[in-house]
Amino acid sequence: MRPLWQVFRLIWQAQRAALLRGAVLSVVVLVAGATLLGVSGWFITAAAAAGLAGMGAVFDVFRPSGAIRFLALGRTAARYGERVLTHDATLRAFATLRLRVLQAYLAAPYDRQSRLRGPQVLNRITADIDALDGLPLRLILPLIAGGITLAASFAVLWALAGLAIAATVALGFGLGGAVVLIWAGRAGSKPSRRVEYAAQAFRARLIDLVQARGDLAVYGQLAAQHQAVLSAETRRQSARLAQDRIERQAGLLLSWLATAVATAALLLGMALAEQGALSPAVAAVGFFAALALAEVLAPLRRAVADLGRMRLAARRVVQSLPAPVASAGGRYVAGALRFDTVSLQRAGAARASLRPLSFTLQAGATLALTGPSGVGKSTALLLAAGMLRPTGGGITLGDHPLPEWEEAALREAVALLPQRAGLMAGRVRAGLQLAAPDADEATLWAVLEAVALADVIRAKGGLDARLGPRGAGLSGGEARRLAIARVLLRRPAILLLDEPTEGLDTDTALRVLRGIRQYLPQAAILTASHRPVETDWADFTLELF
């Protein structure tokens, strides 16, 4: 239950005043309901007794009638206000929580981000927040309001009808309701978790079906993937039916409990009335109040049946909100890049991602890392960019260790072109200005000339030409050159290139490499390379094993 309380604490901190007012109105609604039925029961019984005694003409019907009308209208108004306040506060709080979760994912270390799949992450965040919307509305606030209402009812009934009736009603609903709700929570935990797992599987498989439909069709797997989507939805529906069955059973048990408590209150009242300890009208108050107090437990049955899903979602949300980490140091000036026996061993991996590596790269020099696939060339670039932390050795940029650099200063000094650079849909101009928002048109054309792409962009309509998702509208080699142009606009002191000319013919690759050096004559360039055109262009090569 701890993750649930942690999430509720975040909601409470964001919307404390509104939730507090909503909780007060929830108590008013429940107390008004119990009082309304109690007064109604007293009024009916007292009026009947007065009529039998021949005192109907002098019986005061106006004040009880006025009280009943006041309670009915007040209860309706309080219910409306409670719904408006609590729903508005919950929506606002979850909007804030959703932003915090997204910010946590965006600020996560590269090693974690590299394992994320964008659409699935977005669906997971949306599903988790949606699963938690019932936490304040159907669980925490009703529990608090119900507990306060039962305590208040116990005190009032004790004063009016005696300890026996008060204890029967309060303890009957308190203890009996706890037993039913705990059973429903435990019984519904597994089906509700299955609902969530199946829903996540359905979303993931449907996204794969849409995004990879071409490949699936080519390999004859389109029908199989379609069946996998339907299978996940079938499992979700089956688990949902099981969950709904438990909720209905909990509702039936709570109904029996309410009947039993009301019957016990009625029998006790009748016995006390026969003994002369209570008037029939006061004895009726306990019975009718017991009928009204069934409302205390009714909203909780859906929440406890969905408790397993809420716990699962709360655990993921809490885990995605790490404590903020303070900046390690100040702003420094870039200089030589040094690797001192740097290595990386991932937890649980059989072999090191990078064996001990040492080199010094000065400004204006180009070093190409070579070696077979999987030896750690790309890992070395990620380490140099500060996106991974080494498990052995140290990296120095200028006169200071890399971890001491502030993030903003490090991104100004170091730029990385990954092996699979992403291009977003939109105009070519906007795609380039992502790296340099203030770059003017002359600068943009200059960098396109440097990567031998200017003529291609002119033929497609110039800088205002539109590209589709992932650079659709350009060939693979053209998209690669546009990604290189974008990273060059950063004008970094350290440029990290992961197989920069992949997909380019040798002549074009050579033109691009020469253009890179001409555009950034003083930059230190570190490449992960396997093509001779790249290693021949570099000033130095270092083979990894």
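Computed from a predicted model, the values in this text were never measured in an experiment.

**Describing a positive patch on the surface**
Together, Lys-190, Arg-193, Arg-194 and Arg-315 make up a region of like positive charge exposed at the surface. In terms of residues, the positive patch owes the most to one element, helix 7 (residues 163-211), which gives 3 residues. Along the chain, Lys-190 falls in helix 7.

**What about the environment of Arg-301?**
Residue placement: Arg-301 occurs in helix 11 (residues 300-305). For Arg-301, a relative accessible area of 32% gives the class partly exposed. Through-space distance from the C-alpha of Arg-301 to that of Val-261 is 18 Å; in sequence the pair is 40 residues apart.

**Let's talk about the sheet that holds strand 1 (residues 337-344)**
Taken in spatial order, the 4 strands of this open sheet run 2-1-4-5, and their pairing is antiparallel. A strand with exactly one partner marks an edge of an open sheet, and here the two such strands are strand 2 (354-361) and strand 5 (400-401). Judged from the 5 bridges that link them, strand 1 and strand 4 (residues 392-397) form a sheet pairing that is antiparallel. Bridge assignment links Asp-340 to a residue of strand 4, and that residue is Gly-394.

**Here we look at the UniProt feature "transmembrane region" (unreviewed entry) in the protein**
Within this numbering scheme, the UniProt entry marks residues 18-36, 42-62, 139-158, 164-184, 250-272 and 278-300 as carrying the feature "transmembrane region" (unreviewed entry). End C-alpha atoms of residues 164-184 are separated by 29 Å, and the span's content is 100% helix alongside 0% strand. Helix makes up 100% of residues 250-272 and strand 0%, whereas the separation of the span's terminal C-alpha atoms amounts to 33 Å.

**Quick look at the pattern of salt bridges**
Summed over all chains, the structure comprises 17 salt bridges. Between Arg-309 and Asp-306 there is a salt bridge, with its nearest N and O atoms 3.2 Å apart. Grouping residues by exposure puts Arg-309 and Asp-306 together as buried. For Asp-455, the salt bridge identified is with Arg-458, shortest N-O distance 3.2 Å. Here Arg-458 and Asp-455 lie together in helix 17 (residues 454-459), a separation of 3 residues that amounts to about one turn. For Asp-455, a relative accessible area of 59% puts it in the exposed group. By relative accessible area, which is 43% here, Arg-458 ends up partly exposed. Here the residues in one salt-bridge network are Arg-75, Arg-79, Glu-82, Arg-83 and Glu-295, joined through shared partners.

**Some thoughts on the UniProt feature "domain: ABC transporter" (unreviewed entry) in the protein**
Those places that UniProt annotates as "domain: ABC transporter" (unreviewed entry) correspond, in this numbering, to residues 337-545. The span residues 337-545 shows a helical share of 33% and a strand share of 24%, and its end C-alpha atoms are spaced 21 Å apart.

**Digging into the packing of aromatic side chains**
Inspection of every chain in the model, using the stated rule, returns 5 aromatic pairs. The structure contains a cluster of three or more aromatic residues connected by ring pairs, namely Trp-5, Phe-8 and Trp-12. Geometry around Trp-445 places Arg-458 over its ring, the cationic atom sitting 4.6 Å from the centre. Positioned above the aromatic ring of Tyr-519, the side-chain terminus of Arg-491 is 4.2 Å from the ring centre.

**Thoughts on the packing of helix 18 (residues 476-488) against helix 19 (residues 506-519)**
Running from N to C, helix 18 and helix 19 cross one another at 5°; their axes reach a closest spacing of 11 Å. As far as their axial angle goes, helix 19 and helix 18 are roughly parallel. Across the interface between the two elements, Arg-481, Ile-484 and Leu-488 from helix 18 touch Thr-508, Val-512, Ile-516 and Tyr-519 from helix 19. Among the residues forming the contact of helix 18 with helix 19, the class breakdown is 5 nonpolar, 1 polar and 1 charged.

**Some remarks on unusual backbone geometry**
For residues that are not glycine, phi is negative in most cases, and the peptide bond is trans in most cases. At Thr-341, a position not held by glycine, the phi torsion is positive, near 45°. Mapped onto the elements, Thr-341 comes out in strand 1. Take Thr-341: its relative accessible area is 42%, and that puts it in the partly exposed class. Positive phi outside glycine occurs at Arg-491, with the angle close to 45°. Tracing the backbone shows Arg-491 in the loop between helix 18 and strand 9 (494-498).

Reading guide: rules and limits
Residues numbered from 1 in each chain as written. Predicted model: local features only at pLDDT ≥ 70, side-chain atom pairs only at ≥ 80, totals over all residues. Heavy atoms only, no water. Patch = residues over 30% accessible without salt bridge, like charges linked within 9 Å, V, L, I, M, F, W, Y side chains within 5 Å. Areas by Shrake-Rupley, 256 points an atom, 1.4 Å probe, with all protein chains shown as cover. Salt bridge = Lys/Arg side-chain N within 4 Å of Asp/Glu carboxyl O. Lys, Arg positive; Asp, Glu negative; His and termini not counted. Charge placed at Lys NZ, Arg CZ, Asp CG, Glu CD. Helix = DSSP H or I, 4+ residues; strand = E, 2+ residues; numbered from the N terminus. Buried < 20%, exposed > 50% of the residue type's maximum accessible area, 1.4 Å probe, protein only. Pairing = 2+ DSSP bridges. UniProt positions renumbered as here; feature names shortened; annotations may be inferred. Phe/Tyr/Trp six-rings, centres within 6.5 Å; stacked < 30°, edge-to-face > 60°. Lys NZ or Arg CZ within 6 Å of the ring centre and 35° of its normal. Axes fitted to C-alpha atoms, helices over the stretch in contact; angles between N-to-C directions. Parallel < 35°, antiparallel > 145°, perpendicular 65-115°, else oblique. Contact = heavy atoms within 4.5 Å. Nonpolar A, V, L, I, M, F, W, Y, C, P; charged D, E, K, R; others polar.

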